[in-house]
Amino acid sequence: MRIATWNVNSVRARVDRVVGFLERADVDVLLMQEIKCKPMQFPYEAFERAGYTVEAHGLNQWNGVAIASRLPMEDVEYSFPGMPGFQKGYEGDDAPLEARAISALVEGVRLWSLYVPNGRGLEDPHYAYKLRFLEALRRYVEDALAADPQLPLALTGDFNIAPTPEDVGDPSIVEGVTTHVSPAERAAFQAFLDGGLRDVVRPLVPSGYTFWDYKQLRFPRDEGLRIDFVLGSRAFADAVEGASIERDERKGEHPSDHVPVMVDLDLSDDEDDDLPMIFG
DNA sequence: ATGACGGCTATCAGCCGA
């Protein structure tokens, strides 16, 4: 099974690019972020013509997440348990939820498409929201894996965190000045790894960015950020056979500012694949 | 070449993004 996660920065603005990529790259499941539309506005037809069904979660023109799959999707969830909400000027615990998480079970794999809040600024209420969101997500994963340690589960999407200095090539992103690189954000990212998830792409693609700002010639100068990830549980990570960052998708006409991150899985559940047959 | 920001809407200005 081949999956990809992609912050598409409006699915309506570049539906042909997105569907074209799915067909070219032979993707089974695409986990999208920033669809920037409501479900009734989603360009379903183009995906269906290519053989994909779509589950979309969007509340307005901001955020929005969706999953397109040519394999059956089961048990679709909108938002994860304990996910906090946010509304400007609204610090209460019961702020309305945004459309930042959607999940489906595909071939027994629990896949999440996540759009972690940006944070905006270190003193902005959105930054505290970002940290609350990450902590609630960590707790959800902890509970899910405590209930079923063998569950193949992946958190995929735009984490809006550059975990290491090597992930920062954009000179406008500076520790102590901007979000994405603060110790608290990096600790929140590390907490997923400490909780048993693995970044399944980094070992296979050690360097490279997943985002380049539209401004200031960031892409031609290769001044990007690595902020899009696939974090897998043990069972998921053990099934990973390959990974790539689809850098070419940043080129050409009307690209998203993010590129797809792709992962190949072997779900045959045959852990002895690479061992010799003894009584064969 | 990979090129100087681009989506969205209570639109032609302001918000959001990283």
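Scroll up to find the structure.
Please read these numbers as outputs of a predicted model, since none were measured by experiment.

A. Broad picture of the packing of helix H3 (residues 125-147) against helix H4 (residues 183-194). H4 packs onto H3 with a crossing angle of 10 degrees between their chain directions and a minimal axis gap of 10 Å. Viewed along their axes, H3 and H4 adopt a mutual orientation that is roughly parallel. Here H3 contributes Leu131, Leu134, Glu135, Arg138 and Val141 to the contact with H4, which in turn contributes Ala184, Ala188, Ala191 and Phe192. Per-class residue counts for the contact of H3 with H4 are 7 nonpolar, no polar and 2 charged.

B. A look at unusual backbone geometry. A positive phi is found at Ser10, a non-glycine position, where the angle reads about 90 degrees. Within the secondary structure, Ser10 is located in the loop between strand E1 (2-7) and helix H1 (15-25). Positive phi is not limited to glycine here, since Lys36 has a value of about 55 degrees. Position of Lys36 relative to the elements: it lies in the loop between strand E2 (29-33) and helix H2 (44-49).

C. Layout of the nonpolar core. Leu30, Met32, Ile35, Ala66, Ala68, Leu111 and Ala154 are the most contacted members of the largest nonpolar core, which totals 74 residues. With sequence-adjacent residues up to four places away left out, Ala66 is seen in contact with Met32, Ile35, Phe42, Val54, Glu55, Ala56, His57, Ile102 and Ser113.

D. Highlighting the environment of Pro163. Positionally, Pro163 belongs in the loop between strand E8 (153-158) and H4. Sequence-wise, Pro163 and Trp112 are 51 residues apart; in three dimensions their C-alpha atoms are separated by 20 Å. Sequence-distant contacts of Pro163, that is, excluding residues within four places in its chain, are made with Arg186 and Phe189.

E. A look at the pairing of strand E12 (residues 261-265). Buried residues dominate E12, accounting for 4 of its 5 residues. For E1 and E12, the ladder comprises 4 bridges, and the chain directions are antiparallel. Bridge assignment links Thr5 to a residue of E12, and that residue is Val261.

F. Broad picture of the environment of Ala128. Looking at where Ala128 falls in the secondary structure, it is placed in helix H3. On the basis of neighbour counts, which here come to 17 C-beta atoms within 10 Å, the residue Ala128 falls in the partly exposed class. As a C-alpha pair, Ala128 and Thr178 span 50 residues in sequence and 14 Å in three-dimensional space.

G. Local environment of the environment of Val15. The residue Val15 is located in helix H1 in this model. In this structure, the C-alpha to C-alpha distance between Val15 and Val181, residues 166 residues apart in sequence, is 31 Å.

How each quantity is defined
- Residues numbered from 1 in each chain as written.
- Chains lettered and ligands numbered in written order.
- Predicted model: local features only at pLDDT ≥ 70, side-chain atom pairs only at ≥ 80, totals over all residues.
- Axes fitted to C-alpha atoms, helices over the stretch in contact; angles between N-to-C directions.
- Helix = DSSP H or I, 4+ residues; strand = E, 2+ residues; numbered from the N terminus.
- Parallel < 35°, antiparallel > 145°, perpendicular 65-115°, else oblique.
- Contact = placed C-beta atoms within 7 Å.
- Nonpolar A, V, L, I, M, F, W, Y, C, P; charged D, E, K, R; others polar.
- Core = buried A, V, L, I, M, F, W, Y, C linked by C-beta atoms within 7 Å.
- Buried ≥ 20, exposed ≤ 12 C-beta atoms within 10 Å, placed from the backbone.
- Pairing = 2+ DSSP bridges.

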